[in-house]
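Topology and contacts: notes
Now for the letters of each chain:
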Amino acid sequence: DKFSNSYPHRCPSIVLKNVRYVDPGTKEELDWDYDSSSLVATSNEAGDFNLLHAVIKIGDKYSLIHRAFVYVGNVHVSMDLILDNFTVTKMESICPENFVRNGGFTIGDSRFWTKYGTSKYDVVQISGNEVLKVYDRSTSDDGIMQYLYIDVKCINEKDRVQIRVKY
């Protein structure tokens, strides 16, 4: 089944999870949604990275966000991930800053990133670039994630954000 997580040639997807209070007034109970979307653009250059690209529409529940995080999911467990650059940006130039911190791993470590599931990860050098290698995953969703600190004044209902992962 090509749409099963156990299919070894399935393309990865970008997943944006938002956690919000069911009742923002009481802040007693949390609920969450997963938005998943991706398009893979493979490189024409031998040895170059592929580009994982997603556009996710911000729904009405995003105005109640308590926390959000983004990760690459649906990668077969037999494959390691090597991330070269990770960004989340608003589509329009009103709020151009990148919501992902240390997405290019240029500071030489994995600061602001944490494992998702049972994976391991290290910053390594490939072709002179610092990239994040994710390995020893037990399920296709294991990987790395980062909590996104999004100023709620920066995004509005029905805004779209562009998510790109070069891998």
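Our subject is the structure listed above.
About the criteria used
- Just so you know, the residues in each chain are numbered from 1, in the order the chain's sequence is written.
- Side-chain atom pairs in this predicted model are given and counted only at pLDDT of 80 or more, local residue features only at pLDDT of at least 70, and totals for whole chains, interfaces and linings cover all residues.
- Excluding hydrogens and water, the side-chain values take into account all heavy atoms of the structure.
- Two strands are counted as paired when DSSP detects at least two bridges linking them.
- To qualify as a helix, a DSSP run of H or I must reach at least 4 residues; to qualify as a strand, a run of E must reach at least 2; elements of each kind are numbered from the N terminus.
- For every element, the axis is a line fit to its C-alpha atoms; helices are fit only across the contacting stretch, and the angle between N-to-C directions ranges from 0 to 180 degrees.
- Definition used in this section: a nonpolar core is a set of buried Ala, Val, Leu, Ile, Met, Phe, Trp, Tyr and Cys residues joined via side-chain atoms within 4.5 Å.
- The buried label goes to any residue with under 20% of its type's maximum accessible area, the exposed label to any with over 50%, and the partly exposed label to all in between, with areas taken from a 1.4 Å probe on protein chains only.
- The contact criterion used throughout is that any non-hydrogen atoms of two residues lie within 4.5 Å.
- By definition here, a salt bridge exists when the distance from a side-chain nitrogen of Lys or Arg to a carboxyl oxygen of Asp or Glu is within 4 Å.
- Paired rings are identified among Phe, Tyr and Trp, the last through its six-membered ring, by centres lying within 6.5 Å, and are further divided according to the angle between planes into stacked (under 30 degrees), edge-to-face (over 60) and tilted (the rest).
- Over a ring means this: the NZ of a Lys or the CZ of an Arg is within 6 Å of the ring centre and within 35 degrees of the ring normal.

1. Looking at the sheet that holds strand β9 (residues 120–126)
Sheet architecture is open: three strands sit in the order β6-β10-β9, paired in antiparallel fashion. Single-partner strands in this sheet number two, and they are β6 (81–83) and β9. The sheet shows a mean angle of 30 degrees between the axes of neighbouring strands, direction not considered. Here three bridges tie β6 to strand β10 (residues 129–135), and the two strands are oriented antiparallel to one another. Its bridge partner lying in β10, Ile-82 is registered against Lys-133.

2. Examining the nonpolar core
If you look at the biggest cluster of nonpolar residues, it comprises 26 residues, and the most contacted ones within it are Val-70, Leu-83, Phe-86 and Ile-163. Breaking this core down by element, the ones donating at least two residues are β1 (13–21), β4 (51–57), β5 (65–73), β6, β7 (85–90), β10, β11 (143–148) and β12 (160–166). The residues touching Val-70, leaving out its near neighbours within four places in the chain, are Ile-14, Val-15, Leu-16, Phe-86, Val-88, Ile-144, Met-145, Gln-146, Leu-148 and Ile-163.

3. Here's the deal with the pattern of salt bridges
Within this structure, the stated rule accounts for five salt bridges. Of the charged contacts, one joins Asp-31 and Arg-20 as a salt bridge, the two residues approaching to 3.3 Å between their closest N and O atoms. On the criterion of sequence distance, the pair formed by Asp-31 in strand β2 (residues 30–37) and Arg-20 in strand β1 is long-range, its members being eleven residues apart. Residue Asp-84 pairs with Lys-166 through a salt bridge whose shortest N-O separation is 3.6 Å. Of the two residues, Asp-84 sits in the loop between β6 and β7 while Lys-166 sits in strand β12, which places them 82 residues apart along the sequence. Judged by its relative accessible area of 31%, Lys-166 falls in the partly exposed class. Look at the salt bridges and you will find they share partners, linking Arg-20, Asp-31 and Asp-33 into a network.

4. Examining the pairing of β12
A one-sided burial pattern is seen for β12, the buried positions being Val-161, Ile-163 and Val-165 and the unburied ones Arg-160, Gln-162, Arg-164 and Lys-166. Pairing of β4 with β12 involves seven bridges; the strand directions are antiparallel. When the sheet's bridge partners are listed, Leu-52 is paired in β12 with Val-165.

5. As for the packing of aromatic side chains
In this structure the tally under the stated criterion is six aromatic pairs. Seen from the ring of Tyr-135, Lys-133 lies directly overhead, with NZ or CZ sitting 5.4 Å from the centre.

6. Here's the deal with unusual backbone geometry
Phi angles above zero are rare outside glycine, and Phe-105 is one such case at about 60 degrees. On the secondary structure map, Phe-105 appears in the loop between β7 and β8 (114–116). The exposure class assigned to Phe-105 is buried, which follows from its relative accessible area of 0%. Unlike most non-glycine residues, Ser-127 shows phi in positive territory, near 55 degrees. Note on placement: Ser-127 falls in the loop between β9 and β10.

Geometry only, nothing functional implied.
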